[in-house]
Amino acid sequence: MNKEIKRIAVFTSGGDAPGMNAAVRAVVRTAAYYNLHVYGIYGGYEGMINGNIKRLEKGDVANIIQHGGTFLKTARSLEFKTEEGRALAYDSLMAHDIDACVAIGGDGTYTGANVFTQSYDVPFIGLPGTIDNDIYGTDFTIGYDTAINTAVEAMDKIRDTAHSHNRLFFVEVMGRHAGYIALNTGIGTGARYTFLPEVDNPLEHLVQLLQKSSKRNKLFNLVVVAEGNKSGDAMTIAQKMKEEYDIDSKVTIIGHLQRGGSPTAFDRVLSSRLGYSAVKSLMEGKQNVALGLVDNKISFTTFADAISKKKTIDADLIKMSEILSI
Ligand code: F6P
(Lines give C-alpha, C1' and ligand atoms only; values in the text may rest on other atoms or scores of the structure.)
Protein backbone atom coordinates (compact mmCIF):
# COMPACT_ATOMS: atom_id res chain seq x y z
CA MET A 1 0.00 0.00 0.00
CA ASN A 2 1.41 3.40 -0.97
CA LYS A 3 1.68 5.91 1.83
CA GLU A 4 -0.29 9.12 1.49
CA ILE A 5 1.86 11.96 0.16
CA LYS A 6 1.45 15.19 2.12
CA ARG A 7 4.89 16.83 1.95
CA ILE A 8 6.93 16.96 -1.21
CA ALA A 9 10.51 18.21 -1.52
CA VAL A 10 11.78 19.53 -4.84
CA PHE A 11 15.36 20.19 -5.90
CA THR A 12 17.53 20.86 -8.94
CA SER A 13 20.82 19.06 -9.43
CA GLY A 14 23.71 18.77 -11.90
CA GLY A 15 24.21 21.40 -14.60
CA ASP A 16 21.54 24.10 -14.55
CA ALA A 17 19.16 24.33 -17.50
CA PRO A 18 16.74 27.09 -18.57
CA GLY A 19 13.26 26.03 -17.54
CA MET A 20 14.23 24.54 -14.18
CA ASN A 21 12.55 27.47 -12.42
CA ALA A 22 9.38 26.92 -14.43
CA ALA A 23 9.39 23.25 -13.42
CA VAL A 24 9.81 24.08 -9.72
CA ARG A 25 7.02 26.64 -10.03
CA ALA A 26 4.73 24.01 -11.53
CA VAL A 27 5.51 21.56 -8.72
CA VAL A 28 4.81 24.19 -6.04
CA ARG A 29 1.63 25.51 -7.62
CA THR A 30 0.18 22.07 -8.39
CA ALA A 31 0.92 20.88 -4.86
CA ALA A 32 -0.65 24.03 -3.41
CA TYR A 33 -3.76 23.43 -5.49
CA TYR A 34 -4.08 19.93 -3.99
CA ASN A 35 -3.29 21.17 -0.46
CA LEU A 36 0.09 19.48 -0.27
CA HIS A 37 3.10 21.15 1.33
CA VAL A 38 6.23 21.72 -0.72
CA TYR A 39 9.78 22.15 0.55
CA GLY A 40 12.62 23.45 -1.61
CA ILE A 41 16.00 21.80 -1.15
CA TYR A 42 18.69 24.41 -1.89
CA GLY A 43 21.85 23.21 -3.65
CA GLY A 44 20.78 19.78 -4.93
CA TYR A 45 21.99 16.68 -3.08
CA GLU A 46 24.51 18.81 -1.14
CA GLY A 47 21.60 20.80 0.26
CA MET A 48 19.78 17.58 1.12
CA ILE A 49 22.82 16.38 3.07
CA ASN A 50 23.24 19.71 4.86
CA GLY A 51 19.53 20.14 5.59
CA ASN A 52 19.25 23.30 3.52
CA ILE A 53 15.49 22.86 3.18
CA LYS A 54 12.78 25.54 3.32
CA ARG A 55 9.03 25.62 2.89
CA LEU A 56 7.90 27.01 -0.49
CA GLU A 57 4.51 28.69 -0.73
CA LYS A 58 2.80 29.47 -4.01
CA GLY A 59 3.92 33.12 -3.80
CA ASP A 60 7.58 32.06 -3.49
CA VAL A 61 7.57 30.95 -7.12
CA ALA A 62 5.97 34.10 -8.52
CA ASN A 63 7.92 35.93 -11.24
CA ILE A 64 10.36 33.10 -11.97
CA ILE A 65 8.85 31.32 -14.99
CA GLN A 66 10.83 33.57 -17.35
CA HIS A 67 14.19 33.27 -15.58
CA GLY A 68 17.07 30.98 -16.56
CA GLY A 69 19.25 29.30 -13.95
CA THR A 70 17.66 27.82 -10.86
CA PHE A 71 16.70 29.83 -7.80
CA LEU A 72 17.07 26.62 -5.78
CA LYS A 73 20.74 26.56 -6.84
CA THR A 74 22.41 23.37 -7.99
CA ALA A 75 25.56 21.34 -7.44
CA ARG A 76 27.31 18.14 -8.44
CA SER A 77 27.63 16.34 -5.08
CA LEU A 78 30.46 13.89 -4.39
CA GLU A 79 29.30 13.26 -0.82
CA PHE A 80 25.93 11.90 -1.97
CA LYS A 81 27.87 9.14 -3.75
CA THR A 82 28.84 7.80 -0.32
CA GLU A 83 26.59 5.77 2.00
CA GLU A 84 27.32 8.19 4.84
CA GLY A 85 26.24 11.15 2.69
CA ARG A 86 23.00 9.47 1.71
CA ALA A 87 22.27 8.58 5.35
CA LEU A 88 22.67 12.26 6.30
CA ALA A 89 20.39 13.21 3.40
CA TYR A 90 17.73 10.79 4.63
CA ASP A 91 17.96 12.24 8.15
CA SER A 92 17.42 15.76 6.73
CA LEU A 93 14.35 14.63 4.79
CA MET A 94 12.93 12.93 7.87
CA ALA A 95 13.60 16.03 10.00
CA HIS A 96 11.16 17.85 7.70
CA ASP A 97 8.73 14.90 7.44
CA ILE A 98 9.22 14.75 3.69
CA ASP A 99 7.13 11.98 2.08
CA ALA A 100 8.45 12.22 -1.49
CA CYS A 101 10.94 14.09 -3.68
CA VAL A 102 10.92 15.59 -7.15
CA ALA A 103 14.47 15.58 -8.55
CA ILE A 104 15.15 17.80 -11.55
CA GLY A 105 18.40 17.08 -13.36
CA GLY A 106 20.26 14.77 -15.71
CA ASP A 107 21.96 11.43 -15.65
CA GLY A 108 23.87 12.01 -12.38
CA THR A 109 20.71 13.21 -10.65
CA TYR A 110 18.84 10.07 -11.69
CA THR A 111 21.75 7.86 -10.64
CA GLY A 112 21.65 9.46 -7.19
CA ALA A 113 17.88 8.99 -6.97
CA ASN A 114 18.15 5.36 -8.07
CA VAL A 115 20.78 4.47 -5.46
CA PHE A 116 18.99 6.41 -2.70
CA THR A 117 15.58 4.84 -3.30
CA GLN A 118 17.07 1.34 -3.19
CA SER A 119 17.97 1.93 0.48
CA TYR A 120 15.34 4.38 1.70
CA ASP A 121 11.56 4.32 1.42
CA VAL A 122 11.11 7.83 0.03
CA PRO A 123 9.42 7.88 -3.39
CA PHE A 124 11.22 9.93 -6.02
CA ILE A 125 10.04 11.31 -9.34
CA GLY A 126 12.71 12.51 -11.79
CA LEU A 127 12.30 15.32 -14.29
CA PRO A 128 14.82 15.56 -17.15
CA GLY A 129 16.71 18.82 -16.67
CA THR A 130 19.79 19.16 -18.87
CA ILE A 131 20.59 21.16 -21.96
CA ASP A 132 22.17 18.06 -23.54
CA ASN A 133 18.88 16.28 -24.39
CA ASP A 134 20.62 12.97 -23.75
CA ILE A 135 18.16 11.36 -21.34
CA TYR A 136 16.56 8.08 -22.37
CA GLY A 137 12.75 8.06 -22.11
CA THR A 138 12.00 11.57 -23.27
CA ASP A 139 12.06 13.28 -26.65
CA PHE A 140 13.12 16.56 -25.05
CA THR A 141 14.83 17.63 -21.85
CA ILE A 142 14.26 20.89 -19.98
CA GLY A 143 16.65 23.55 -21.31
CA TYR A 144 17.60 21.90 -24.58
CA ASP A 145 15.39 24.05 -26.78
CA THR A 146 16.69 27.24 -25.18
CA ALA A 147 20.28 26.05 -25.53
CA ILE A 148 19.99 25.32 -29.25
CA ASN A 149 18.26 28.64 -29.84
CA THR A 150 21.17 30.38 -28.08
CA ALA A 151 23.66 28.45 -30.20
CA VAL A 152 21.73 29.21 -33.40
CA GLU A 153 21.64 32.91 -32.59
CA ALA A 154 25.39 32.90 -31.99
CA MET A 155 26.02 30.99 -35.21
CA ASP A 156 23.96 33.46 -37.21
CA LYS A 157 26.15 36.28 -35.89
CA ILE A 158 29.32 34.38 -36.67
CA ARG A 159 28.00 33.71 -40.17
CA ASP A 160 27.85 37.47 -40.82
CA THR A 161 31.50 37.99 -40.06
CA ALA A 162 32.60 34.67 -41.61
CA HIS A 163 30.86 35.64 -44.83
CA SER A 164 32.30 39.17 -44.84
CA HIS A 165 35.88 37.94 -44.42
CA ASN A 166 35.60 34.65 -46.31
CA ARG A 167 36.71 32.70 -43.27
CA LEU A 168 36.42 29.21 -41.90
CA PHE A 169 35.02 29.14 -38.35
CA PHE A 170 34.95 26.31 -35.86
CA VAL A 171 32.16 26.93 -33.36
CA GLU A 172 32.23 24.75 -30.26
CA VAL A 173 28.96 23.93 -28.54
CA MET A 174 28.28 21.92 -25.37
CA GLY A 175 27.69 18.20 -25.29
CA ARG A 176 30.38 16.12 -23.61
CA HIS A 177 28.77 12.82 -24.51
CA ALA A 178 25.85 13.76 -26.75
CA GLY A 179 25.63 15.54 -30.08
CA TYR A 180 22.03 16.75 -30.00
CA ILE A 181 22.95 20.39 -29.50
CA ALA A 182 25.66 20.22 -32.16
CA LEU A 183 23.64 18.33 -34.76
CA ASN A 184 20.55 20.49 -34.52
CA THR A 185 22.53 23.71 -34.32
CA GLY A 186 24.31 22.60 -37.47
CA ILE A 187 21.04 21.80 -39.23
CA GLY A 188 19.39 25.01 -38.05
CA THR A 189 22.22 27.20 -39.28
CA GLY A 190 23.21 25.40 -42.47
CA ALA A 191 26.67 24.51 -41.15
CA ARG A 192 29.11 22.99 -43.62
CA TYR A 193 30.02 20.17 -41.24
CA THR A 194 29.37 18.97 -37.69
CA PHE A 195 31.71 17.06 -35.38
CA LEU A 196 29.71 14.74 -33.10
CA PRO A 197 30.65 12.53 -30.14
CA GLU A 198 28.62 9.65 -31.59
CA VAL A 199 30.47 9.19 -34.90
CA ASP A 200 33.96 9.37 -36.39
CA ASN A 201 34.63 12.63 -38.18
CA PRO A 202 38.03 12.34 -39.89
CA LEU A 203 39.66 15.71 -40.66
CA GLU A 204 40.36 14.55 -44.23
CA HIS A 205 36.64 14.43 -44.81
CA LEU A 206 36.27 18.06 -43.77
CA VAL A 207 39.23 19.02 -45.94
CA GLN A 208 37.55 17.39 -48.96
CA LEU A 209 34.34 19.29 -48.22
CA LEU A 210 36.24 22.57 -48.00
CA GLN A 211 37.91 21.84 -51.34
CA LYS A 212 34.47 21.26 -52.87
CA SER A 213 33.28 24.52 -51.30
CA SER A 214 36.11 26.45 -52.82
CA LYS A 215 35.47 24.89 -56.28
CA ARG A 216 31.98 26.30 -56.22
CA ASN A 217 33.36 29.61 -54.96
CA LYS A 218 31.94 29.25 -51.45
CA LEU A 219 34.71 30.92 -49.50
CA PHE A 220 33.32 30.95 -45.99
CA ASN A 221 32.42 27.90 -43.96
CA LEU A 222 30.85 27.29 -40.57
CA VAL A 223 31.71 24.07 -38.77
CA VAL A 224 30.00 23.05 -35.52
CA VAL A 225 32.08 21.12 -33.00
CA ALA A 226 30.46 19.22 -30.12
CA GLU A 227 32.86 19.57 -27.20
CA GLY A 228 33.01 15.78 -26.66
CA ASN A 229 33.68 14.71 -30.25
CA LYS A 230 36.47 12.24 -31.01
CA SER A 231 38.73 14.60 -33.02
CA GLY A 232 39.32 17.01 -30.13
CA ASP A 233 37.91 20.38 -29.09
CA ALA A 234 37.51 23.23 -31.55
CA MET A 235 40.91 24.72 -30.71
CA THR A 236 42.66 21.38 -31.26
CA ILE A 237 40.88 20.81 -34.57
CA ALA A 238 41.80 24.32 -35.76
CA GLN A 239 45.45 23.74 -34.82
CA LYS A 240 45.53 20.39 -36.65
CA MET A 241 43.95 21.99 -39.73
CA LYS A 242 46.75 24.54 -39.76
CA GLU A 243 49.60 22.13 -39.03
CA GLU A 244 48.47 19.26 -41.24
CA TYR A 245 46.71 21.08 -44.10
CA ASP A 246 47.84 24.70 -43.81
CA ILE A 247 44.22 25.84 -43.52
CA ASP A 248 43.56 28.98 -41.44
CA SER A 249 40.48 29.32 -39.29
CA LYS A 250 38.91 31.12 -36.36
CA VAL A 251 37.49 29.50 -33.24
CA THR A 252 34.49 30.50 -31.14
CA ILE A 253 33.49 28.61 -28.01
CA ILE A 254 29.90 29.37 -27.06
CA GLY A 255 30.30 27.52 -23.75
CA HIS A 256 28.14 28.36 -20.76
CA LEU A 257 26.17 31.00 -22.65
CA GLN A 258 24.10 27.97 -23.70
CA ARG A 259 23.24 27.20 -20.10
CA GLY A 260 21.75 30.59 -19.26
CA GLY A 261 19.07 32.94 -20.50
CA SER A 262 15.33 33.17 -20.45
CA PRO A 263 13.75 29.81 -21.36
CA THR A 264 11.98 29.58 -24.70
CA ALA A 265 8.20 29.16 -24.80
CA PHE A 266 8.77 25.48 -25.59
CA ASP A 267 10.92 24.96 -22.50
CA ARG A 268 8.47 26.83 -20.25
CA VAL A 269 5.56 24.70 -21.42
CA LEU A 270 7.57 21.46 -21.23
CA SER A 271 8.75 22.32 -17.70
CA SER A 272 5.24 23.25 -16.60
CA ARG A 273 3.79 20.01 -17.94
CA LEU A 274 6.48 17.92 -16.30
CA GLY A 275 6.25 19.70 -12.92
CA TYR A 276 2.46 19.39 -12.89
CA SER A 277 2.63 15.71 -13.85
CA ALA A 278 5.27 14.99 -11.21
CA VAL A 279 2.90 16.00 -8.40
CA LYS A 280 -0.07 14.21 -9.97
CA SER A 281 2.03 11.06 -10.42
CA LEU A 282 3.10 11.05 -6.78
CA MET A 283 -0.52 11.47 -5.72
CA GLU A 284 -1.45 8.50 -7.92
CA GLY A 285 1.16 6.37 -6.16
CA LYS A 286 3.86 6.36 -8.85
CA GLN A 287 7.37 6.19 -7.50
CA ASN A 288 10.97 5.99 -8.58
CA VAL A 289 10.32 6.82 -12.21
CA ALA A 290 11.57 9.51 -14.53
CA LEU A 291 8.98 11.53 -16.39
CA GLY A 292 9.43 12.57 -19.97
CA LEU A 293 7.59 13.64 -23.06
CA VAL A 294 7.29 11.07 -25.85
CA ASP A 295 5.15 11.86 -28.90
CA ASN A 296 3.80 14.85 -26.94
CA LYS A 297 2.49 12.66 -24.11
CA ILE A 298 3.85 12.29 -20.59
CA SER A 299 5.84 9.07 -20.33
CA PHE A 300 7.31 7.09 -17.43
CA THR A 301 10.66 5.33 -17.37
CA THR A 302 12.25 3.53 -14.42
CA PHE A 303 15.38 5.21 -13.10
CA ALA A 304 17.30 2.04 -13.95
CA ASP A 305 16.27 2.26 -17.63
CA ALA A 306 16.72 6.03 -17.83
CA ILE A 307 20.30 5.62 -16.60
CA SER A 308 21.37 2.46 -18.40
CA LYS A 309 19.66 2.81 -21.78
CA LYS A 310 21.17 5.17 -24.30
CA LYS A 311 19.10 7.59 -26.30
CA THR A 312 20.60 7.25 -29.74
CA ILE A 313 21.00 10.10 -32.14
CA ASP A 314 19.03 9.69 -35.37
CA ALA A 315 21.48 8.52 -38.04
CA ASP A 316 19.16 9.80 -40.77
CA LEU A 317 19.33 13.30 -39.30
CA ILE A 318 23.12 13.16 -39.55
CA LYS A 319 22.83 12.09 -43.18
CA MET A 320 20.28 14.82 -43.81
CA SER A 321 22.56 17.49 -42.35
CA GLU A 322 25.33 16.34 -44.71
CA ILE A 323 23.03 16.27 -47.73
CA LEU A 324 21.68 19.74 -47.03
CA SER A 325 25.14 21.24 -46.82
CA ILE A 326 26.45 20.03 -50.20
O1 F6P B 1 25.43 18.40 -18.74
C2 F6P B 1 25.28 19.66 -19.28
C3 F6P B 1 26.62 20.28 -19.61
O4 F6P B 1 26.33 21.59 -19.97
C5 F6P B 1 27.44 19.60 -20.69
O6 F6P B 1 27.03 19.84 -21.99
C7 F6P B 1 28.80 20.16 -20.39
O8 F6P B 1 29.80 19.33 -20.89
C9 F6P B 1 28.81 20.19 -18.91
O10 F6P B 1 27.47 20.33 -18.50
C11 F6P B 1 29.65 21.27 -18.30
O12 F6P B 1 29.55 21.17 -16.92
P13 F6P B 1 30.16 22.22 -15.91
O14 F6P B 1 29.38 23.47 -16.00
O15 F6P B 1 30.01 21.57 -14.58
O16 F6P B 1 31.58 22.43 -16.31
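Residues numbered from 1 in each chain as written. Predicted model: local features only at pLDDT ≥ 70, side-chain atom pairs only at ≥ 80, totals over all residues. Heavy atoms only, no water.

So, about the sheet that holds strand 3 (residues 53-56). The strand order across the open sheet built from 7 strands is 3-2-1-4-5-10-11, with neighbouring strands paired in mixed fashion. The sheet is open, and its two edges are formed by strand 3 and strand 11 (297-302), each paired on a single side. Pairs of neighbouring strands in the sheet enclose a mean axial angle of 30°, with direction left out of account. (Pairing = 2+ DSSP bridges. Helix = DSSP H or I, 4+ residues; strand = E, 2+ residues; numbered from the N terminus. Axes fitted to C-alpha atoms, helices over the stretch in contact; angles between N-to-C directions.)

Together, Met320, Ile323 and Leu324 line one region of the surface with nonpolar side chains, adding up to about 290 Å² of accessible area. Structurally, methionine 320 is set in helix 11 (residues 315-324). Methionine 320 sits in the partly exposed class, given a relative accessible area of 32%. (Patch = residues over 30% accessible without salt bridge, like charges linked within 9 Å, V, L, I, M, F, W, Y side chains within 5 Å. Areas by Shrake-Rupley, 256 points an atom, 1.4 Å probe, with all protein chains shown as cover. Salt bridge = Lys/Arg side-chain N within 4 Å of Asp/Glu carboxyl O. Buried < 20%, exposed > 50% of the residue type's maximum accessible area, 1.4 Å probe, protein only.)

Any two aromatic rings considered together are summarised by their centre-to-centre distance and by the angle between their planes. A complete count under the given rule lists 12 aromatic pairs for this structure. Taking 6.3 Å as the distance between ring centres and 70° as the angle between the ring planes, the aromatic pair formed by phenylalanine 11 and phenylalanine 124 counts as edge-to-face. Highlighted residues: phenylalanine 11 in strand 1 (residues 7-12) and phenylalanine 124 in strand 5 (residues 124-128), separated in sequence by 113 residues. Comparing phenylalanine 11 with phenylalanine 124 shows no difference in burial state: the two are buried. Relative to tyrosine 120, the ring of phenylalanine 116 lies with its centre 4.8 Å away and its plane at 35°, an arrangement referred to as tilted. (Phe/Tyr/Trp six-rings, centres within 6.5 Å; stacked < 30°, edge-to-face > 60°.)

Here the chain is described as being made up of domain 1 (7-143 + 263-308) and domain 2 (145-259). Taken together, the 14 residues of domain 1 in the interface contact 12 residues of domain 2. Counting each side, the surface lost to burial between domain 1 and domain 2 is near 1,100 Å², with a carbon and sulfur contribution of 53%. When the area that domain 1 buries against domain 2 is broken down by residue, the three leading residues are Ile131, Asp132 and Thr264, summing to 42%. (Domains from an automatic or database assignment. Contact = heavy atoms within 4.5 Å. Buried area = accessible area lost by both parts, 1.4 Å probe.)

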